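In case you want the letters, here they are:
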Amino acid sequence: MDNHSLLFNAFVYLLAAVLAVPLSKRLGFGAVLGYLVAGVVIGPWGLGLIREAEAILHFAEFGVVLLLFAIGLELNPGRLWAMRKPILGLGAAQVIVTAAILTGIGIASGLNSSVAVVAAMGLSLSSTAMALQLLNERNLLPTPAGHSGFSVLLFQDIAVIPMLAVIPLLGVSTVDAASSGFDWLALLQAIAVIALIIIGGRFALRPVLRLIAATELREVFTAFSLLLVIGTALLMQAVGMSMALGAFLAGVLLAESEYRHALESDIEPFKGLLLGLFFIAVGMSIDFGILLREPMLIAGLALGLVAMKAIILFMLGRVYGLPARQLPLFALVLSQGGEFAFVLFGVAQSSGIFPATITDTLIVTVALSMLTTPLLMVINDKLIAPRLDRTPAPPMDEMEDQGHPVIIAGFGRFGQIIGRLLHANGIDATVLEHDPDHIETLRRFRFKVFYGDACRLDLLRAAGADSAKLLVIAIDEREGTLRLAELVRENFPHLQIISRAWDVAHVFELLEHGVCAYERETFEGALRLGEEALKQLGCTAWRAKQAAHRFRAHDEETLLEIYQHYHEDFDERIRISADARERLREIMQSDEIHLSTQADRDWVQASQAAIDKADTQ
Amino acid sequence: MSPRGREYLGTESKIMVYCAHLSIENSVINRAMRDAVRDLPQVDFRDLHELYPDFFINTATEQALLRNADLIVFQHPIYWYAAPAIFKHFMDTVLLHGFAYGPGGTALQGKDFLLAVSTGAPAEEYGSGGIHHYPLERLMLPIEQTVRFCGMRFMPPLVVHGGHGLPADVVAAHATRYRQLLEDYRPAG
């Protein structure tokens, strides 16, 4: 591909996506169907703008790899371990039962037995990209159906490895005998690579990430994130394993690191674009030639496959105790054939098991079955789910609240006091901090601190701003505080904001940004020390405390009084914020009027006399 | 404070309910009582610990509120034969010479005062033979005399005994009775 056609292709993809996806979403079909249709339209059987569908599909599979990495980031080893039962139970049952039944059907309809077995294995797999994207679009991943669906997909990703290993064994006589034996060396290599990923991910990655974060160059951090995923994927591919599985593993290992949210938000745009490209490529690769030649056969195969898989999933979901309301969703979202089928069928053809006609027929069938899923999901959303939702149990109860109620932005000397107080009272907060050195220290004290600039919308979202209740702004930068308050007010209006403030002018600006509580960072400390000064001068502790209380109340009152004039005039606002010194004088004058009770004057005279007396001695 | 229209409407009353409890969030009876009365239009409900967590009571504000009330209610559990400490501090810093007593100290004259209290022990423990030995009325003498000293009328206290582990229906009935009492209240004269 020369430069011109590369840019031209990129232009076509982006244009197709930008036109088709919003249209599809507006019509209620979701983004995935939009991409698929866009692929059909620009592909060889549509306008023919792009011809190299297979190469693109290969490239875009990296979107699936990034998707799995991102999912890994959400799942720390503990949570993954907790999912072992559904993965090994429901996941294994789905693959085995589906493959067995499909094999039976294949043999019954006269296929040779190894063709039937390989076809059945490939068709038993679902599309990770499709299913996860559809669940994600609907925010359904945290539901029981989402969890189970994910478990099944994860098992399938793992099952691909032995399947790929078995296919050459079935390829009778065509391949030379030496390579069809079981390859122990390959197995050892695979184990070594996985061990390398686990050990490296656990011990080496965090210091490296810290070094890179310390450069404070965001693009370098992004570059490293991509490098990490691509490197892991290549390593896995080199030993013949699923790239997606390797990326998933790397993600899981980083799920507990403080860089999780930063990695997530850096990967996000690439993941989205490449997944889109992947769906476009699937759309492009639907071979309408075969479809037109044998429309009934292909449609029958595709619909039969979807129906068969959906029924098996429905039954298994019921056996494994999924709530009845979620069974149709679970069954439909996994009912298609997946991208791994393309890979398996390719290998099967090259091992001489599949004649080319069967490969082509099955690939069209799988691609077509992928086209049905977004449509089935729309039917589920519009027709099936609303009916089932009339049953008493409210769907909200099924959702696990995975986010913390509080986000603390900035965990320096200010934020950590707040964090410690909350922590000591059993409230967990998600903490965002942008100084990597600082994070390392805090981690040693078992704080859950994440690296990143809190003023980035994607990071806030990744930190759970959509579900949190309270944001504590404690960052050490005056303007940043205001920027963050404004950003949050606009994008997460439900979130209550309390903020660290610098001075009176800053308080006014924070109030303008809808902050519901503030504290001037030096006020309480200075007041305490002022109280101490009174005590040192002979004032009783009680009286000093009362004086400090009175001062605070009066100061707050004065501040709010001045704030009432803040809106009177737009120019006035500028004058007021520029004129902090004048205001201080106002405040001090009103101190003289309000704070001088007779008792205080008596005390001032007495202590003055005491100081004078001490001086004269 | 906007003056209520008592002079014009004749029957309208203004009630200040002061309440304190060291952990109102865990209390059963006092929370039920609070929830029963605080939405009444004639009631101004003030939780002293909520308003003054550091005991810095705003004397001027509280005096203005008291001046305007017809009925003043102190609602609290009994701690060591008295109210929670913040009530005493409230009296020490608000019921001042020249306001509540002494020359010119007539702000509270003629108002009604109600004590709405809960005890941990059952009724029979208050009296000779019980662990608290004295009847509750006698233990409450200091507050009763404070009220008289300020020229207010000490109404018969509303008492609920055995506040820990009361059955839900008894709690609800008591709260309703409390609400009824305040709803039916009309200033004398």
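Rules and cut-offs
- Residues numbered from 1 in each chain as written.
- Chains lettered and ligands numbered in written order.
- Predicted model: local features only at pLDDT ≥ 70, side-chain atom pairs only at ≥ 80, totals over all residues.
- Helix = DSSP H or I, 4+ residues; strand = E, 2+ residues; numbered from the N terminus.
- Buried ≥ 20, exposed ≤ 12 C-beta atoms within 10 Å, placed from the backbone.
- Contact = placed C-beta atoms within 7 Å.
- Expected span 1.5 Å × (residues − 1).
- Right-handed = clockwise from strand over helix to strand, strands pointing away.
- Pairing = 2+ DSSP bridges.
- Axes fitted to C-alpha atoms, helices over the stretch in contact; angles between N-to-C directions.
- Core = buried A, V, L, I, M, F, W, Y, C linked by C-beta atoms within 7 Å.
- Domains from an automatic or database assignment.
- Parallel < 35°, antiparallel > 145°, perpendicular 65-115°, else oblique.
- Nonpolar A, V, L, I, M, F, W, Y, C, P; charged D, E, K, R; others polar.
- pLDDT = per-residue confidence, 0-100.
- Left-handed = near helix turned anticlockwise from the far one by under 90°.

Helix and strand counts for chain B stand at 8 helices and 6 strands. Helices and strands appear in chain B in the N-to-C order α-β-α-β-α-α-β-α-β-α-α-β-β-α. Expressed as a percentage of the 189 residues in chain B, the buried residues total 26%. Sequence separation of 24 or more characterises 77% of the internal contacts of chain B that already satisfy a separation of 6 or more.

For the rest of this paragraph, the subject is the overall build of chain A. Helices and strands together make up the secondary structure of chain A, namely 28 helices and 6 strands. Of all 617 residues assigned to chain A, the portion counted as buried reaches 41%. Residue pairs in contact within chain A that sit at least 24 positions apart in sequence constitute 72% of those at least 6 positions apart.

Attention shifts here to the environment of Phe29(A). Relative to the helices and strands, Phe29(A) resides in the loop between helix H1 (3-26) and helix H2 (30-42). The contacts of Phe29(A), once residues within four sequence positions are left out, are Ser24(A), Gly34(A), Pro374(A) and Val378(A).

The next point concerns helix H5 (residues 84-108) of chain A. Note: α-helices contain 3.6 residues per turn, so residues at a spacing of three or four share the same orientation. Residue and element names in this part refer to chain A. For H5, which comprises 25 residues, the first-to-last C-alpha distance of 35 Å matches the rise-based estimate of 36 Å (1.5 Å per residue) to within 8%. Looking only at H5, the buried set comprises Pro-86, Leu-90, Gly-91, Gln-94, Val-95, Thr-98, Ala-99, Leu-102 and Thr-103. In this structure, the buried side of H5 is in contact with helix H6 (113-124), helix H8 (144-170) and helix H15 (295-319). Two residues or fewer past H5, Gly-110 is found with a positive phi of approximately 90°.

This next bit is on the pairing of strand S2 (residues 429-433) of chain A. The side chains of a regular strand alternate between the sheet's two faces. All names here are of chain A. By the criterion of burial, S2 is predominantly enclosed, with 5 of the 5 residues buried. Of the two faces of S2, the one carrying Ala-429, Val-431 and Glu-433 and the one carrying Thr-430 and Leu-432 are both buried. You can see the chain leave strand S1 (residues 406-409), run along helix H19 (residues 415-424) and come back into S2, and the turn it takes is right-handed. As paired strands, S2 and strand S3 (residues 449-451) are joined by 3 bridges and run parallel to one another. In the sheet register, Leu-432 faces S3, and the bridge partner there is Phe-450.

Residues and elements named next belong to chain A. Reading across the sheet, the 6 strands line up as S3-S2-S1-S4-S5-S6 and stay open at both edges, with parallel pairing between neighbours. Each edge of the sheet is formed by a strand with only one pairing partner; in this case those strands are S3 and strand S6 (517-520). Pairwise comparison of adjacent strand axes, ignoring direction, gives a mean angle of 20° for this sheet. Bridge count between S1 and strand S4 (residues 470-473): 4 bridges; the pairing is parallel. Looking across to S4, one finds that Val-406 is bridged to Leu-470. Across the sheet, H19 lies against S1, S2 and S4, angled at about 160° from S1, the strand it touches most.

Let us look at the nonpolar core. Inside soluble globular proteins, nonpolar side chains tend to come together where they are buried. In this structure, Val65(A), Phe69(A), Ala247(A) and Ala409(A) are the most contacted members of the largest nonpolar core, which totals 164 residues. Ranked by the residues each element gives to this core, the list is headed by helix H3 (residues 53-74) of chain A, at 14 residues. The residues that make up this core include at least three from each of domain 1 (3-386) and domain 2 (406-607) of chain A. Those residues within four positions of Ala409(A) in sequence are excluded, and the remaining contacts are Leu432(A), Ala454(A), Leu471(A), Val472(A), Ile473(A), Ala474(A), Ile475(A) and Leu484(A). Within the second largest apolar cluster, 37 residues are counted, among which are Ala20(B), Val43(B), Ile78(B) and Leu114(B).

For Trp45(A), the location among the structural elements is in the loop between H2 and H3. Residues Trp45(A) and Ser285(A), spaced 240 residues apart in sequence, show a C-alpha to C-alpha distance of 8.9 Å.

All names here are of chain A. Contact geometry of helix H10 (residues 184-214) with helix H11 (residues 218-238) gives a least axis separation of 12 Å together with a crossing angle of 170°. Taken together, H10 and H11 sit at an angle that is classed as roughly antiparallel. Only Val-220, Phe-221, Phe-224, Thr-232, Leu-235 and Met-236 of H11 make contact with H10, whose side of the interface consists of Val-193, Ile-197, Ile-212 and Ala-213. Partitioned by chemical class, the residues of the contact of H10 with H11 number 9 nonpolar, 1 polar and no charged.

Residues and elements named next belong to chain A. Where S4 and strand S5 (residues 496-501) come together, 4 bridges link them in parallel fashion. The partner of Val-472 across the bridge, within S5, is Ile-498. With helix H22 (residues 478-491) bridging S4 and its parallel neighbour S5, the resulting β-α-β unit is right-handed.

Residues and elements named next belong to chain B. Of note, the phi angle at Phe-55 is positive, near 65°, even though the residue is not glycine. In this fold, Phe-55 is placed in the loop between helix H3 (48-51) and helix H4 (59-68). With phi around 45°, Trp-80 is a residue other than glycine that occupies positive phi space. Take Trp-80: there are 8 C-beta atoms within 10 Å of it, and that puts it in the exposed class.

Low-pLDDT portions of the prediction should not be read for the details of their coordinates. Residues and elements named next belong to chain B. Overall, the predicted model of chain B reaches an average pLDDT of 91, with 94% of residues at or above 70. Counting contacts from residues 1-10, a segment whose pLDDT is below 50, to residues more than four positions away or on other chains yields 10 contacts. With a pTM of 0.53, the predicted complex shows an ipTM of 0.74.

All names here are of chain A. Averaged over every residue, the pLDDT of chain A is 80; residues scoring 70 or more account for 85%. Low pLDDT, under 50, characterises residues 173-180; the predicted model gives this stretch 10 contacts beyond four residues in sequence or across chains. Residue range residues 391-402 is modelled with pLDDT below 50. Its contacts to residues more than four positions away, or to other chains, number 10 contacts.

Glancing now at the environment of Val43(B). Residues and elements named next belong to chain B. Within the secondary structure layout, Val-43 lies in strand S2 (residues 43-47). Classification of Val-43 by C-beta neighbours within 10 Å gives buried; the count is 20. Taking the C-alpha atoms as reference points, Val-43 and Ile-72, separated by 29 residues in sequence, lie 9.8 Å from one another. Every residue in contact with Val-43, bar those within four places of it in the chain, is listed here: Ile-15, Val-17, Val-37, Arg-38 and Leu-182.

Residue and element names in this part refer to chain A. Axis separation between H8 and helix H17 (residues 339-350) bottoms out at 9 Å; the angle between their running directions is 15°. Here H17 runs roughly parallel to H8, going by the angle between their axes. Crossing handedness for the pair H8 and H17: right-handed. On H17, the residues that touch Val-160, Met-163, Leu-164 and Ile-167 of H8 are Phe-340, Leu-344, Val-347 and Ala-348. Classifying every residue of the contact of H8 with H17 by side-chain character gives 8 nonpolar, no polar and no charged.

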